Amino acid sequence: MAGRIICLLFLLLPGLFIQAKAQSFDKAAFYKVMENGNTDEVDKQLKIIETTSNINKEAYSGALLMKKAGLINGASKKLSVFKNGRAKLEAAIEKEKDNGEWHFLRLIIQENAPKILNYKSDKKDDAAMVHSAYKKLSPEVQSAVMDYRKHSDTLQTFIF
């Protein structure tokens, strides 16, 4: 009986490790979805974030929700999803005012949000924060900043 249980564990454990690895948060993948993801990819990242520990879920899920708002149909649904995401991202920034990555996420959203949402007032401050925090950011975030900078009106004025 014990032999069967051990044998069963050996058969099941590799699958569990593969599934756990597939669900781990990857910043490079997150920023790729932020750059050009569709709703399915955004939803997949949201699920990964939801099940991952040791990350600031508010900031990442908030940015993804605001990204998703631009991809879905229906004005009232878009606005509702955007507001939900905005509240999460702003709460994360409020908790960690000096976190350059959170300011980078907000900058991405602000530069791409429609004017009607009136979400553009912190662009210059966020860009300055990203610039000053750049060397402290993880390599994945630094790479995302440099990729995004190529088509950012606000970040192009800074030398990294």
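Before reading on, note that the structure itself is shown above.
Residues numbered from 1 in each chain as written. Predicted model: local features only at pLDDT ≥ 70, side-chain atom pairs only at ≥ 80, totals over all residues. Heavy atoms only, no water.

Undergrad: Please explain the nonpolar core as it appears in this structure.
TA: Considering soluble globular proteins, one finds that nonpolar side chains tend to be buried as a cluster. In terms of nonpolar packing, the biggest core is built from 39 residues, with Phe30, Tyr31, Leu64, Phe104, Leu105, Val145 and Leu155 touching the most fellow members. If you list the elements that add at least two residues to this core, you get helix H2 (27-36), helix H3 (39-51), helix H4 (57-69), helix H5 (75-95), helix H6 (100-112), helix H7 (123-133) and helix H8 (139-149). In terms of residues, this core owes the most to one element, H4, which gives seven residues. Among all residues touching Leu105, those that are not within four sequence positions of it are Phe30, Tyr31, Ala59, Tyr60, Ala63 and Leu89. (Core = buried A, V, L, I, M, F, W, Y, C linked by side-chain atoms within 4.5 Å. Buried < 20%, exposed > 50% of the residue type's maximum accessible area, 1.4 Å probe, protein only. Helix = DSSP H or I, 4+ residues; strand = E, 2+ residues; numbered from the N terminus. Contact = heavy atoms within 4.5 Å.)

Undergrad: Explain the side chain of Ser152 to me, please; I cannot follow it from the model alone.
TA: Take Ser152: it is sitting in the segment after H8. Side-chain polar atoms of Ser152 contact the side chain of Glu111, separated by 2.8 Å. (Polar contact = N/O pair within 3.5 Å; in protein donor to acceptor, adjacent residues only side chain to side chain.)

Undergrad: What's the story with the layout of surface pockets in this structure? I'm lost.
TA: Vacant regions in the atomic arrangement are exposed by a probe of water-molecule size rolled over the atoms. Estimates place the volume of the largest pocket at around 630 Å³. Contributing elements (two or more residues each) for the lining of the largest pocket: H2, H4, H5, H6 and H8. Here the residues of the lining of the largest pocket are counted per class, giving 18 nonpolar, four polar and six charged. Approximately 180 Å³ is the volume found for the second largest pocket. (1 Å grid on protein atoms, 1.4 Å probe; cavity = no way out; pocket = protein on both sides within 12 Å on 5 of 7 lines; lining within 4 Å. Points joined across faces, edges and corners; volume = space filled by probe spheres on them. Nonpolar A, V, L, I, M, F, W, Y, C, P; charged D, E, K, R; others polar.)

Undergrad: In this structure, what is going on with the environment of Asp147? I would like to understand it.
TA: Its location among the elements puts Asp147 in helix H8. We classify Asp147 as partly exposed; its relative accessible area is 36%. Taking C-alpha positions, Asp147 is 9.9 Å from Tyr31, a pair spaced 116 residues apart along the chain.

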